[in-house]
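Fold and geometry: a report
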Amino acid sequence: MSTINDLLSALGGIAASPTLLLVVLGGVVLGTIAGLLPGIGPSTAIALLLPVAITVPAEISLPLMVSLYLGAEYGGRISAILLNIPGDPGAIMTTLDGHPMALKGKAATALSISALASFVGSVLAFLGLAFIAGPMSELGLAFGPGAYFAVVVMALVLSATLVGSAPMLGLTAVAIGVAVSTVGIELQSGLPRFTFGSFTLLEGGRLDRRDHRRLRRR
């Protein structure tokens, strides 16, 4: 009940404050414009807003950044539907259904569906964050080294099975990738691993153009 009371009090505070309503409206408009521009996206828009956000009180900056982010998320769908140019990586899938609808003269329908889906998804995300964030954080803190190792192994095995009818080929590729990724300086301890005394391998199991030229000369 405390979570519900906090949500209701927060909504009541926003609805009773014309300043906050204008801030939210301005953030959504600016975010939508930023999302329309390919290459900017929600993260870049938030980064550009940070100098302004740190100069205003938190009760204004936080709603402004949240509304800017949500507006940018929807703005990327507008360019994806109308121009087949996703404004951010999250809008790539919108081009598969939205742009064909726009070509058939149903752009308004596609934009309405996208707006409704964005609204419903945002509401569900906020409710999930409010009610599930606490239990999920406790579950995350309960994870130990063994659990993290099991999750990583499961992810690698699932990745290997994506090759279809040749699982051994996928497992071999995963094993080679893991072996190559262990070469270099270990991030936690700072100790070199599998470098065999080579300074080139300290940066990891990758070769740049200079390394390729050295190998050709040899």
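Residues numbered from 1 in each chain as written. Predicted model: local features only at pLDDT ≥ 70, side-chain atom pairs only at ≥ 80, totals over all residues. Heavy atoms only, no water.

Brief notes about the nonpolar core
Our working definition: As used here, the term nonpolar core means buried Ala, Val, Leu, Ile, Met, Phe, Trp, Tyr and Cys residues forming a set that is joined through side-chain atoms within 4.5 Å. Three exposure classes are used, based on accessible area relative to the maximum for each residue type with a 1.4 Å probe and protein chains only: buried under 20%, partly exposed in between, and exposed over 50%. Only runs of H or I of at least four residues qualify as helices and only runs of E of at least two qualify as strands under DSSP, and these elements are numbered from the N terminus. Any two residues having at least one pair of non-hydrogen atoms within 4.5 Å are treated as being in contact.
Membership of the largest hydrophobic core is limited to 9 residues, which are V23, A34, A45, I46, L49, A53, L64, M65 and L68. Elements supplying a minimum of two residues to this core: α2 (18-36), α3 (41-53) and α4 (58-83). For this core, the leading source of residues is α3, giving 4 residues. Once residues within four sequence positions are removed from consideration, L49 is found in contact with L64, M65 and L68.

Observations regarding the environment of G31
Residue placement: G31 occurs in helix α2. A residue is classified by how much of its surface remains accessible, and G31, at 0% relative accessible area, is buried. Each C-alpha atom, one on G31 and one on L64, is 9.7 Å from the other, the two residues being 33 residues apart in sequence.

Remarks on the pattern of salt bridges
Our working rule: Salt bridge criterion: a side-chain nitrogen from Lys or Arg within 4 Å of a carboxyl oxygen from Asp or Glu.
For the coordinates displayed, the defined rule picks out 1 salt bridge. The salt bridge partner of E73 is R77, with a shortest N-O separation of 3.0 Å. With E73 and R77 both in helix α4 and 4 residues apart, the pair spans about one turn of that helix. Residue class for E73 comes out partly exposed when judged on its relative accessible area of 21%. With relative accessibility at 15%, the residue R77 sits in the buried group.

Concerning the confidence of the model for the chain
Condition: The pLDDT value tells you how sure the predictor is about a given residue, anywhere from 0 up to 100.
Chain-level statistics for the chain give a pLDDT mean of 78 and a share of 86% at 70 or above. Mean pLDDT values for the elements of the chain range from 51 in helix α9 (residues 209-217) up to 87 in helix α5 (residues 94-103).

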